[in-house]
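One-letter residues, chain by chain:
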Amino acid sequence: MCFTKATHSYGICSECGADRLLPGRSPAGAAICRDCAGIRTTFVCIQCGREAERFRHGACATCALTDDLQALLQPGDDRGLTRLVRALATAERPESVLSYMRGAKAKELLASLGRRELPLTHEAFDALPRSTAAEHLRSLLVHHNALPPRGDDSIARFKTWLAMRLAALPDDGTRSSIQQYATWRHLRRIRGLEKGPGGRNLETATHAAKQEISEAGKFLVWLREAHDVGVAGIQQAHLDEYLSTGTTTRRHIRNYVHWLDPAHRAQARKIDVPYRLANSTPMVTQEQRLEMIRNCLDMEQVTISTRIAGLIFLLWA
């Protein structure tokens, strides 16, 4: 029997009827206690006196974890941190929390909580650099009710990204226009998808929104630098110049332009970004294709299977 599983099994001993740790097995395979199994190894924590695997210096994993959390979090009279220590220490598998805490990043995050530098809020975690350690700690906090649940993380990450993106834009009308566009065009739509049926992929929606917002911001910055013109002065000539002098990703400003000029009919719009038309050249002309089809029908010296395959390719490929 696996040692870890044996030292985490509790219940009624099938030999003596005691309710305790059951690390042994009877000849019939039933779970039995240490005494009935004749096991000499001691399974008693020197701190709490509970029967359990002794994890460190005679203490069980729960007590070892409690000591480490107390040292890092220094809860004192803080009810939130006290509740957090209790919740994490009484986890079903305290060893997994101890394993997480071995990482330097995780230890520093917990120490930041203990120094009161990192508040117990989602906003504070959103402001941290993205890392697996931070997101795992956030998940632990939510799971143990130290942080409230907040729905899909995609929206929270999008809002954090948006705040950083807006802060990088010039405050000459560019920032306020992009903020309004992001809020009313994208954020409202993304929140609607979250509430809607079918479990729509919010990661895909937020990715598309980021691209359109970024490109719209770049366009306004270019417009100011190249022509000293703000949002109110956009002309079709500006759009044509911008689209013709850059990469195809610039066409992602299309939704922003339509948001600025929300005429329902395309013909009524004063400014527009046309769809990108793919430039393709046929491999053969229509006359050449028809000649090939006739050859497939008439050339009896070619096997019938080859002629049929050629017809299928020429007619439907």
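You'll find the structure just up there.
Residues numbered from 1 in each chain as written. Predicted model: local features only at pLDDT ≥ 70, side-chain atom pairs only at ≥ 80, totals over all residues. Heavy atoms only, no water.

Peer 1: Help me get a handle on the overall build of the protein, residues and values and all.
Peer 2: For the protein, the count of helices and strands is 15 helices and 6 strands. At 33 Å, the protein has a C-alpha radius of gyration far larger than the 20 Å of a compact globule built from 317 residues. Here the C-alpha coordinates of the protein stretch approximately 95 × 75 × 35 Å along the principal axes. Counting all 317 residues of the protein, 38% fall into the buried class. Relative to all contacts within the protein whose residues are 6 or more apart in sequence, the contacts with residues 24 or more apart total 44%. (Helix = DSSP H or I, 4+ residues; strand = E, 2+ residues; numbered from the N terminus. Rg over C-alpha atoms; globule rule 2.2 N^0.38 Å. Buried < 20%, exposed > 50% of the residue type's maximum accessible area, 1.4 Å probe, protein only. Contact = heavy atoms within 4.5 Å.)

Peer 1: Which residues make up the pattern of salt bridges, and what values go with them?
Peer 2: Evaluation of the coordinates by the stated rule reveals 13 salt bridges. The partner of R115 in a salt bridge is E117, and the shortest N-O contact between them spans 3.0 Å. Given the relative accessible area of 39%, R115 is considered partly exposed. Across the salt bridge formed by R224 and D172, the nearest N and O atoms sit 3.5 Å from each other. Here R224, found in helix α11 (residues 202–227), pairs with D172, found in the loop between α9 (153–167) and α10 (174–195); they are 52 residues apart in sequence, far enough to count as distant. Accessibility expressed as a relative area gives 28% for R224, which makes it partly exposed. (Salt bridge = Lys/Arg side-chain N within 4 Å of Asp/Glu carboxyl O.)

Peer 1: So, the packing of α10 against α11: which residues are in play, and what are the values?
Peer 2: With their axes 10 Å apart at the nearest point, α10 and α11 run at an angle of 170 degrees to one another. The angle between the axes of α10 and α11 places the two elements in the roughly antiparallel class. Crossing angle aside, the handedness with which α10 passes α11 is right-handed. Residues T174, S177, I178, Y181, A182, H186, R189, I190, L193 and E194 of α10 form the contact with α11, whose participating residues are L202, A205, T206, A209, E212, I213, A216, G217 and L220. Residue composition of the contact of α10 with α11, grouped by class: 11 nonpolar, 5 polar and 3 charged. (Axes fitted to C-alpha atoms, helices over the stretch in contact; angles between N-to-C directions. Parallel < 35°, antiparallel > 145°, perpendicular 65-115°, else oblique. Left-handed = near helix turned anticlockwise from the far one by under 90°. Nonpolar A, V, L, I, M, F, W, Y, C, P; charged D, E, K, R; others polar.)

Peer 1: Give me the environment of Y181: which residues, what numbers.
Peer 2: Examined against the element boundaries, Y181 turns out to sit in helix α10. When the C-alpha atoms of Y181 and I213 are compared, they prove to be 7.9 Å apart, with 32 residues separating the residues in sequence. In this structure Y181 touches H186, E212, I213, A216, N255, Y256 and W259, once residues within four positions along its chain are discounted. A polar side-chain atom of Y181 sits 3.5 Å from the main-chain amide nitrogen of Y256. (Polar contact = N/O pair within 3.5 Å; in protein donor to acceptor, adjacent residues only side chain to side chain.)

Peer 1: Give a description of a nonpolar patch on the surface that names residues and reports values.
Peer 2: A grouping of I304, I308, I312, L315 and W316 is seen on the molecular surface, where their side chains present a nonpolar patch of about 560 Å² in accessible area. For I304, the position within the fold is in helix α15 (residues 304–316). I304 sits in the exposed class, given a relative accessible area of 56%. (Patch = residues over 30% accessible without salt bridge, like charges linked within 9 Å, V, L, I, M, F, W, Y side chains within 5 Å. Areas by Shrake-Rupley, 256 points an atom, 1.4 Å probe, with all protein chains shown as cover.)

Peer 1: Mind laying out unusual backbone geometry, listing which residues take part and the relevant values?
Peer 2: At H57, a position not held by glycine, the phi torsion is positive, near 50 degrees. Tracing the sequence through the fold places H57 in the loop between β5 (54–56) and β6 (59–60). For H57, a relative accessible area of 75% puts it in the exposed group. You will see that Q74, though not glycine, has its phi angle at about 45 degrees, which is positive. By the secondary structure assignment, Q74 is in the loop between α3 (61–73) and α4 (79–89).

Peer 1: Residues and numbers for the side chain of R20, please.
Peer 2: On the secondary structure map, R20 appears in strand β2 (residues 19–21). At 2.7 Å, the side chain of R20 forms a polar contact with the side chain of E51.

Peer 1: So, the environment of W222: which residues are in play, and what are the values?
Peer 2: Summarising the element assignment, W222 is placed in helix α11. Sequence-wise, W222 and Y242 are 20 residues apart; in three dimensions their C-alpha atoms are separated by 8.2 Å. W222 has contacts with H227, H238, E241 and Y242, leaving out every residue within four places of it along the chain.

Peer 1: Outline the packing of aromatic side chains, supporting the account with residue identities and numerical values.
Peer 2: Tallying each qualifying case throughout the model produces 7 aromatic pairs. Between W222 and Y242, the aromatic rings sit 4.9 Å apart at their centres with planes inclined by 50 degrees, giving tilted as the arrangement. Residue W222 is found in helix α11, and its partner Y242 is found in helix α12 (residues 236–244); the two are separated by 20 residues along the sequence. Neither W222 nor Y242 differs from the other in exposure class; each is buried. On the numbers, 6.0 Å between centres and 25 degrees between planes, the contact of Y256 with W259 is stacked. Residue Y256 and its partner W259 are both found in helix α13 (residues 254–260); the two are separated by 3 residues, about one turn of the helix. (Phe/Tyr/Trp six-rings, centres within 6.5 Å; stacked < 30°, edge-to-face > 60°.)

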